[in-house]
Amino acid sequence: MRYFPNSENSIKAMLESVGVKSIEELFSSIPRSNLTKDKVGYGKPLSEPEIIEFFKNLESENKVKEYKLFLGGGSYFHHIPEVVNYLSMKGEFVTPYTPYQPEVSQGTLQATFEYQTMISDLTGMEFSNASLYDGATAAAEGLLLAWRITRKNKFLIARSLHPEYISTIKTYIKNLNIEFDFIDYDESGKISKEDFDKKFNEEIGGVLIQSPNFFGIIEDYKWIKDKIGESKTLLISVIAEALSLGILKPPSEFGSDVAVGEAQSFGLYPYFGGPTLGFITTSNKKFLWEMPGRIVGETVDAEGKRGFVLTLSTREQHIRRERATSNICSNQAWCVIRAAIFLSVYGKKGLRELAKQNLIKANYAKERIKEIGIKIRFDGPTFNEFVIETENAEEAYRKLLDKKIVAGIPLKWFYPEDEKGLLLTFTEVNKKTEIDELVKALEEIK
Amino acid sequence: MIKDREPLIFELSEEGKSGFSIPELDIEEKNYIPEELLREELKGLPEVSEVEIVRHYTALAHYNYSVDEGFYPLGSCTMKYNPKINEKTAGMEGFLLSHPYSPYELVQGNLKLIRTLENILSELTGFPFFTLYPSAGAHGELAGMLMIRKKLELRGNPRKIVLIPDSAHGTNPASSHFAGYDVKEIPSGEEGYLKVETVKEYLNEDVAALMMTNPNTLGVYEREIKEIAEALHENGSYLYMDGANFNALMGYVKPAELGVDVLHLNLHKTFSTPHGGGGPGAGPVGVAKEFEEVLPVPVIKEIDGKYVPDFNRPNSIGKIRSFYGNFGVLIKALTYLLEMGAEGLKKATEFAVLNANYIRENLKDTYELPYKTRTLHEVVFSEDSFKKYGVKTVDIAKRLLDYGIHPPTVYFPLIVHGALMIEPTETESKKTLDTFIETMKKIHKEAENNPELLKEAPHFTPVRRLNEVLAAKKPKLKYKEEEE
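Rules behind the numbers
Residues numbered from 1 in each chain as written. Chains lettered and ligands numbered in written order. Predicted model: local features only at pLDDT ≥ 70, side-chain atom pairs only at ≥ 80, totals over all residues. Heavy atoms only, no water. Buried < 20%, exposed > 50% of the residue type's maximum accessible area, 1.4 Å probe, protein only. Helix = DSSP H or I, 4+ residues; strand = E, 2+ residues; numbered from the N terminus. Contact = heavy atoms within 4.5 Å. Buried area = accessible area lost by both parts, 1.4 Å probe. Salt bridge = Lys/Arg side-chain N within 4 Å of Asp/Glu carboxyl O. Polar contact = N/O pair within 3.5 Å; in protein donor to acceptor, adjacent residues only side chain to side chain. Nonpolar A, V, L, I, M, F, W, Y, C, P; charged D, E, K, R; others polar. Domains from an automatic or database assignment.

Student: Looking at this model, I keep getting lost on helix α10 (residues 393–402) of chain B. Mind explaining?
Tutor: Since there are 3.6 residues in each turn of an α-helix, residues three or four apart along the chain are aligned in direction. Residues and elements named next belong to chain B. Within α10, nine of the ten residues are buried, leaving the element largely enclosed by the surrounding structure. Burial in α10 covers these residues: T393, D395, I396, A397, K398, R399, L400, L401 and D402. Contacts made by the buried residues of α10 are with β11 (409–410), β12 (420–422), α11 (430–449) and α12 (451–455). Backbone geometry just downstream of α10 places G404 in the positive-phi region, at approximately 75°.

Student: Looking at this structure, I do not really get the interface of chain B and chain A. What am I missing?
Tutor: The extent of an interface is frequently quoted as the accessible surface area lost upon association of the parts. Contacts between chain B and chain A engage 208 residues on the former and 192 residues on the latter. Together chain B and chain A conceal approximately 17,800 Å² of surface at their shared face, both sides included; 64% is due to carbon and sulfur atoms. A:E298 is the salt-bridge partner of B:K476, the closest N and O atoms lying 3.4 Å from each other. Scanning the region where chain B abuts chain A turns up 97 residue pairs in polar contact (both at pLDDT 80 or more). Sorting elements by how many residues they give to the side of chain B that touches chain A places helix α9 (residues 327–363) of chain B first, with 28 residues. Tallied by class, residues from the side of chain B that touches chain A come to 103 nonpolar, 52 polar and 53 charged.

Student: In this structure, what is going on with the domain arrangement of chain A? I would like to understand it.
Tutor: Residues and elements named next belong to chain A. Taken as a whole, chain A is organised into domain 1 (64–79 + 347–445) and domain 2 (82–342). In this complex, domain 1 contributes 29 residues to the contact, which on the side of domain 2 involves 31 residues. When domain 1 packs against domain 2, close to 2,500 Å² is buried across both sides, 70% of that on carbon and sulfur atoms. Of all residues in domain 1, L351, F378 and F383 bury the most surface against domain 2, accounting for 25% of the area lost on that side. Summed over the shared surface of domain 1 and domain 2, the number is zero salt bridges. Put simply, the parts of the chain that give the side of domain 1 that touches domain 2 at least two residues each are α11 (333–371) and β12 (385–389). When residues of the side of domain 1 that touches domain 2 are assigned to their parent elements, the largest contribution, seven residues, is made by α11. Per-class residue counts for the side of domain 1 that touches domain 2 are 15 nonpolar, nine polar and five charged.

Pasting the structure below:
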């Protein structure tokens, strides 16, 4: 076995040194009754070529390469620069543990500090943590943060929040005596002011708004902060497509107290949904001590030289035990390094350009689809996705699949009563010719 | 060559430089959305060229110690070698480019992979069902405790308390808390393992479950686990086993056979997927048959040779996160499992235990071994042998860095004063262990003869000992141009 570096002789010498005759003797503290009699047998060890063959076979059962994909809904296709792969794959980034020994972990720590700077500037916030699992758990952690700070257990959540985020929030809060109500959306696809007015009161701990929302609509929600006014309620922005921050107004400009979301778009492949990269940022220094997860901070060493460490750790599970702000320990550290490299590559101008291309391509597609007489469900402004209506969405979806096109996501998957909606996504990787092809195919099946 | 100081990427930024390359827009630009929704220029991002980016992150890489570089004996972290073939299989385009909302018929490979991994983990642990979605060990604990709570609710009463031995993992209390439970710590006793008699003293109708790490953080096997499971079941409570230390048990013990109801594993520990500097990991949870109905959604079903995710499960705890978990990590773990085979895993466990005992045997006359009970995959020493020189555990750890060795886990478990918790894993040679042992002995001598040397350590790392108090007192969490 190539991962065992000891020769027969070394093993013998070690057994002798320990003072046992056989390895089995080392297991004598396990009572006989505890040892399994059932042989573990799921197959013989495979060699490297056999393993590659095994996975190539599995890979070939995924047919995604033959199709034109217009998929998003919280996981996006964007061009990942080769240097992101090249640099992040270095063993020094892939194979260390959590940087508990900062003197030999400055690489991970500094890169994370750079990421924290980038993500907090993109959201317009002051402070970021060093990552959460994904957008869904980030939304849940954002809500729990507001719960700890306001000590109020009633929340308002936009019905247009990503349905998987809503499900995850439900799972997370179920046993904590926290309740929430939905705020509806209006015909433009935006948060309904009327419904907000009906449901908002001073007892609300936080309001969660996603923009662009699950239907792709960009919210203009400064009014929410104005209505919250002097009450202690926190405004929490959720962003499922972090690239939108490249061109759209950041949460800070809407008066958000906390911004959470999914940054998969910054250097991670869709990868069947993971690894992902959850983020949480806040504008308020007082909230820092209630933040979940790892945080990297700048400091100096014994000689006054700049260095970075994990900090504010008395919030965390290993110290504060059951009173910790979250139970999170391992997070998505390596994804953070990829995001930092990705954002360095695109930089100030590139990220804006990338975001602009998404916006223009998707809106071009929307215009063309409207031209052929297909209804766009909402008239609100959109970034890189939007909902179209067909007579029978699943049927249309199937017909397009026969034409080797994956026409987004049938909304019925999430909202059983929704027979008509298809959520279509367009990013910079979809060429104009591809978009035109989709439009033509949509026209043909009409 | 390691640079003395690498600036922040922002300090390399200059107006007009760029590192990106994307095609020109093939569509005419128009103002599609109102101006007032657009932001001003992105101030936080740097402007740097590709070559600067490569040099910058290469310099940062040099500042990191890693398993690829050398011995990394962090206790309870199982820092084994990460096979390179894992990256090859996980990097196949058909996986990377598959979208979680693809129609199921286009991602049969992924779904089959999930089922295959579930089956192998079932085989290894004896549990009929697994969920692979939790993204880390602590996330698995939360999912597991939520399942226990749901199951108790379905039985009529969720109960109030979770018992946790003082030798358990740090995340256990917090995970129980977020599942809505109060935590009661119970003493593990002088011999380092929990007695069924002790557990019985704490049992009453409020006890929902006991969360037990086995082998525990002392490296000691919980030899009364079967009796404890029986006592819990008699009381209507469940047994949760933290399987972070499963590297000590493969091929020897199937936790389900002991009466464990719920177990989580750490794929980034036992099954060699890398730690990535703190994730992404995966914390699959195995459950006994009666828990099938409460598994998180979706459950992947095989129907007429096709794999289909089943979301329609009324008693499920719901979604624990988006999509299908850290799928890429699952590919790596499956790769490792296939390469090792069942017999390879058993060998891995045996060599891991041999390596740990070799270290124990050779250091026990130098360092104080607070628990004499036989240990499996790790060994914990205390500060008692060097405290008298005015040297702390942290000083020993920092001095190890000077010798190019990553220190063990320190100050954990809390039941050992100034703990040094050492887990070598099976992928280290006798030579490496000998070097470590010699170095530890040498440092102990230095502690006696020249304690200042240790207190000022490390001397030869890219930065010297860092001021953690300052970092917490004046949190500086992002770069700001004006301050520099």
